[in-house]
Amino acid sequence: MSSELLRRIGWAGALGAVVLATGCQYQETLSNYDLKGVVRIPKDMAAVTMSDLTGESWTIENDPRAIGPVYLGVYASIDDSLYDYPHPSWGPVLDASKGGDTYPYGGTSAGRFAWGCYQASVCKTISGRYDNYQSVLDFFRDQVHQPITDDEGNEITSATEYQERCFLIEKVTSDDELDLVGPLEFEDMGDYFEAPAEIMHTWFEPGVSVWGFADMPSAAFTFSTCNPSGGDYHSYYNERYYKGTNYRDVLNYPGNYIGEGDLISAVPEVMDSPDQEFTLELGYKYAL
Amino acid sequence: MRSETALLLTLGLASLVACDRSGTELLPQPNDNFPSVLEVGQLQVVSVADLSSASSSSCNQQDADGAYNCYYGDLSPTDGVTQGGATFEFKGTGGKVCVMVDPEAVFWNQFIGSEDAAIQWGYPDNNTDDGDLDLFSGLSTYYTGSPGIEIGNFKGYYTDDLGRQIAIDYVECFNESPYNVGVEAHAGRGSPEYCTIDTAGREGILYTVVLSTFSVPLDDGLLSFGSAVVDGKCSAIGGGVGGGSGIDECTLQGEALDEAGNTKECTTELEQAFCLNSTESSSAHVLTRFCCLHPDMCGPSDASTAEMCANEDLDNFCLDYPQLCDCASDN
């Protein structure tokens, strides 16, 4: 091959590279942003009244471990006329039993259902609420009065035994691989519990409203947004059951899940810029 | 330099040879005697008992209002650019109704494997006689097409308070098929599709059903189908021949039609052999024996099918399955 041909091939290659490189300047100009802020819960609102089958009742106070998943959504607008509390506006009602879809622009949650390695914990343990296994055991024994038990009904008293069970069942070798224990989301800010929140990759239009609610536990420590027949399936010898997860349309139809004791943002945060940091206070406690 | 130029020219010419093939021979040509977009009209909501007698001869009967009891028809392929298909309407009963369509006769995957199952489904299917229609349905008010002229959909738009347009699919028919019961999906070639629609609060309100052409048989370029609307939910409808549960290939039979609108010879028996093959013992080899006796109804014959047939008990087929025998004995 002559040197002249080689030189021409070199020029052609360089030209091709320049043409290809121009494609890298293409901007999609998608209106998607990561919205950042905090969610704030007044401490007095976070108190939960529990009761058992004997009729005894007690209150869990000043304990962020009792806070259920906090659902945050970005919506076109908020409507005060749909429920007894401000609620995202509905689209067309296609199914009267469900109400209208709110068509959220985006959303996230502060804490999610994280299986606690035993059937007794299905739909009861939330991520970001416990920093160690002893904290889980203590909370359910002392505050909820429902000690964590194994699948034969024996109470788990050792944090080490609890950790070993989780490692065995979930096939992990470190706590970092589990949602159950880890960094705490809510920080004690005096009158409030406060958690950072990031609503990632949400469609943004000036005027969108950040709105949310906390699914607080019932008197029996159950959560309305959790589907015990959903999520991953646990199959280990004779242990066969679902690990539980949230219903998939909580942000689309939040009004269908909000019940007694849940905390709702009375005043939505209207966002004019995606760079604006929101502070969402769940300052309204729903009572039937 | 000269040799390199010659090489480049040769390669250029060689690449042009590939352009000699368009692939259009794999597409059926439109048949001017039949529409590619068909508006049937209105169908009655019939009872399950009435459905059991559905056939190409008993359907297409109109009541005083012009509504068909059920409908069997033919579609031509389109020019390849526009969407083809058929539409019909029915009135809501205030309860649940089952909408169903069954295109052409049957299709099966030839089983290639070991043991008895290989013989049960081992005879090849005739791949050139299968067509495919996809079923959609919703309220007629949401239908965007022009019946008989253009196939549409049930997509509408909602504009929220910030001016964002959100596409909403107003389809109320969530398809099932005998092969994916409980799973929302279209069935594939030759297979029935059906869905239950809850018409609560919409008694007398018009629904549109769209049968969207997905593929047309290559052998005759006509996509024939049977369709019906039945009172009650689909899961309450028993299977056809063979005692299978739920809607299957034998719920609507004889839907493979010729140009005159008559059921093609032997296709009803082929459907029944297919259904019995699913419900009888795998060692009965109903479909394989049927195909051995009537090879024109199934896939290509070759040495492997000849070997398969040589090992089958064909002499007693009529005794075992007299309902399939008339057709088989013709050959």
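No experiment lies behind these values; they were computed from the predicted model shown.

Cut-off values and rules
Residues numbered from 1 in each chain as written. Chains lettered and ligands numbered in written order. Predicted model: local features only at pLDDT ≥ 70, side-chain atom pairs only at ≥ 80, totals over all residues. Heavy atoms only, no water. Helix = DSSP H or I, 4+ residues; strand = E, 2+ residues; numbered from the N terminus. Buried < 20%, exposed > 50% of the residue type's maximum accessible area, 1.4 Å probe, protein only. Contact = heavy atoms within 4.5 Å. Areas by Shrake-Rupley, 256 points an atom, 1.4 Å probe, with all protein chains shown as cover. Lys, Arg positive; Asp, Glu negative; His and termini not counted. Salt bridge = Lys/Arg side-chain N within 4 Å of Asp/Glu carboxyl O. Polar contact = N/O pair within 3.5 Å; in protein donor to acceptor, adjacent residues only side chain to side chain. Pairing = 2+ DSSP bridges. Nonpolar A, V, L, I, M, F, W, Y, C, P; charged D, E, K, R; others polar. Disulfide = S-S within 2.5 Å. Core = buried A, V, L, I, M, F, W, Y, C linked by side-chain atoms within 4.5 Å. 1 Å grid on protein atoms, 1.4 Å probe; cavity = no way out; pocket = protein on both sides within 12 Å on 5 of 7 lines; lining within 4 Å. Points joined across faces, edges and corners; volume = space filled by probe spheres on them. Expected span 1.5 Å × (residues − 1). Axes fitted to C-alpha atoms, helices over the stretch in contact; angles between N-to-C directions.

Engineer: Which residues make up the overall build of chain B, and what values go with them?
Structural biologist: Looking only at helices and strands, chain B has eight helices and 11 strands in total. Within the span of chain B, comprising 331 residues, buried residues form 48% of the whole. In chain B, once contacts between residues fewer than 6 apart in sequence are set aside, the share between residues at least 24 apart is 74%. Carbon and sulfur atoms make up 51% of the accessible area of chain B, which totals about 15700 Å².

Engineer: Could you give an account of the side chain of Asp248(B), naming the residues involved and the relevant values?
Structural biologist: All names here are of chain B. Looking at the secondary structure, you find Asp248 in the loop between strand 11 (223-231) and helix 4 (267-279). As a buried residue without a salt bridge, Asp248 has its nearest oppositely charged side chain in Lys233, at a separation of 19 Å. Within the structure, the side chain of Asp248 is placed 2.8 Å from the backbone nitrogen of Cys250, a separation counted as a polar contact.

Engineer: Pulling in residues and values, what's your account of the sheet that holds strand 9 (residues 192-203) of chain A?
Structural biologist: All names here are of chain A. With mixed pairing, four strands are arranged side by side in an open sheet as 8-9-1-17. Because the sheet does not close on itself, it has two edges, and the strands there are strand 8 (187-188) and strand 17 (278-281). Note that strand 1 (residues 32-42) and strand 9 share 10 bridges and pair antiparallel. Looking at strand 9, one finds that Ile41 is bridged to Phe193.

Engineer: An account of unusual backbone geometry is needed here, citing residue identities and associated values.
Structural biologist: Residues and elements named next belong to chain A. Positioned with a positive phi, Tyr103 is a non-glycine residue whose angle comes to about 45 degrees. Positionally, Tyr103 belongs in the loop between strand 6 (87-88) and strand 7 (106-110). Even without being glycine, Cys117 reaches a positive phi, approximately 75 degrees. Along the chain, Cys117 falls in the loop between strand 7 and helix 2 (133-143). Judged by relative accessible area, Cys117 falls into the buried class, the value being 1%.

Engineer: Give a detailed account of the pairing of strand 3 (residues 57-60) of chain A, specifying residues and quantitative values.
Structural biologist: Residues and elements named next belong to chain A. Only one face of strand 3 is buried, namely the one carrying Trp58 and Ile60, since none of Ser57 and Thr59 on the opposite face is buried. As paired elements, strand 2 (residues 48-51) and strand 3 share four bridges and run antiparallel to each other. Residue Ser51 lies in a different strand from strand 3, and its bridge partner there is Ser57. What sits between strand 2 and strand 3 in their antiparallel hairpin is a turn of five residues, with Gly55 showing a positive phi close to 95 degrees.

Engineer: How would you summarise the interface of chain B and chain A if you had to cite specific residues and measurements?
Structural biologist: A common measure of how large an interface is: the accessible area buried when the components associate. Facing nine residues of chain B, the contacting portion of chain A comprises 18 residues. On the surface where chain B and chain A come into contact, there are zero salt bridges. Our count for the contact surface shared by chain B and chain A stands at four residue pairs in polar contact (both at pLDDT 80 or more). When its residues are assigned to classes, the side of chain B that touches chain A shows five nonpolar, no polar and four charged.

Engineer: For the state of the cysteines, give the residues involved together with the corresponding values.
Structural biologist: Residues and elements named next belong to chain B. For the structure shown, the criterion picks out nine disulfides over all chains. One disulfide bridge connects Cys173 with Cys195, the sulfur atoms lying 2.0 Å from each other. Around the S-S axis, the bridge from Cys173 to Cys195 shows a dihedral of about -115 degrees and counts as left-handed. With Cys173 in the loop between strand 8 (165-169) and strand 9 (193-198) and Cys195 in strand 9, this residue pair connects regions lying 22 residues apart in the sequence. Under the relative-accessibility criterion, Cys173 is labelled buried at 2%. Paired by a disulfide, Cys250 and Cys275 hold their sulfur atoms 2.1 Å apart. Looking along the S-S bond of the Cys250-Cys275 disulfide, the torsion reads about 110 degrees, which is the right-handed sense. With a gap of 25 residues between them, Cys250 in the loop between strand 11 and helix 4 and Cys275 in helix 4 connect regions that are remote in the sequence. Accessibility assignment for this pair places Cys250 and Cys275 in one class, buried. By sequence order of its bonded cysteines, chain A has the disulfide arrangement 1-3, 2-4.

Engineer: Could you give me a rundown of the pattern of salt bridges, with the residues and numbers involved?
Structural biologist: Residues and elements named next belong to chain A. A full pass over the atoms with the stated rule returns 16 salt bridges over all chains. Across the pair Lys43 and Asp188 runs a salt bridge whose closest N-O atoms are separated by 2.6 Å. You can see Lys43 sitting in the loop between strand 1 and strand 2 and its partner Asp188 sitting in strand 8, a full 145 residues away along the chain. Residue Asp188 is classed as partly exposed on the basis of its relative accessible area of 46%. One salt bridge in this structure joins Arg141 and Asp138, with 3.0 Å as the shortest N-O distance. With Arg141 and Asp138 both in helix 2, this residue pair falls three residues apart, about one helical turn. For Arg141, a relative accessible area of 32% corresponds to the partly exposed category. Several salt bridges converge on common partners, so that one network encompasses Asp138, Arg141 and Asp142.

Engineer: So what about the pairing of strand 7 (residues 155-159) of chain B? Which residues, and what values?
Structural biologist: Residues Gly156(B) and Tyr158(B) line the buried face of strand 7 of chain B, whereas the alternating positions Lys155(B), Tyr157(B) and Thr159(B) sit on a face that is not buried. As consecutive antiparallel partners, strand 7 of chain B and strand 8 of chain B are separated by five residues, and within that stretch Gly163(B) has a phi angle of approximately 85 degrees, a positive value.

Engineer: Which residues make up the nonpolar core, and what are the values?
Structural biologist: Residues Ile41(A), Val70(A), Tyr133(A) and Tyr162(A) are the most contacted members of the largest nonpolar core, which totals 72 residues. Setting aside anything within four residues of it in sequence, one finds Tyr133(A) in contact with Ala159(A), Tyr162(A), Gln163(A), Cys166(A), Phe167(A), Asp175(A), Leu178(A), Leu180(A) and Val181(A). Counting residues in each nonpolar core, the second largest holds 36 residues, with Leu43(B), Ala86(B), Phe88(B) and Leu211(B) among its members.

Engineer: How would you summarise empty space enclosed by the protein if you had to cite specific residues and measurements?
Structural biologist: Going through the model one piece at a time under the given rule, you end up with one cavity of 30 Å³ or more. Around the largest cavity, the lining is made up of 15 residues, and of these Ala76(A), Ser89(A), Thr102(A), Tyr158(B) and Asp160(B) lie nearest the centre.

Engineer: Any chance you could break down helix 4 of chain B for me, citing the residues and the numbers?
Structural biologist: Residue and element names in this part refer to chain B. Compared with an ideal rise of 1.5 Å per residue, which puts 13 residues at 18 Å, helix 4 spans 19 Å between its outermost C-alpha atoms and is within 8% of the ideal. The element helix 4 is largely enclosed, with a buried count of 10 among its 13 residues. Looking at helix 4, one finds that the buried residues are Thr267, Glu269, Leu270, Glu271, Gln272, Ala273, Phe274, Cys275, Leu276 and Asn277.

Engineer: I'd like a description of the sheet that holds strand 4 (residues 85-91) of chain B, backed by residues and values.
Structural biologist: Residue and element names in this part refer to chain B. What the four strands build is an open sheet, ordered 1-4-10-6; its pairing is mixed. Single-partner strands in this sheet number two, and they are strand 1 (37-42) and strand 6 (132-139). Strand after strand, the sheet turns through a mean of 20 degrees between neighbouring axes, direction not considered. Pairing between strand 6 and strand 10 (residues 206-215): eight bridges, direction antiparallel. When the sheet's bridge partners are listed, Phe136 is paired in strand 10 with Val210.

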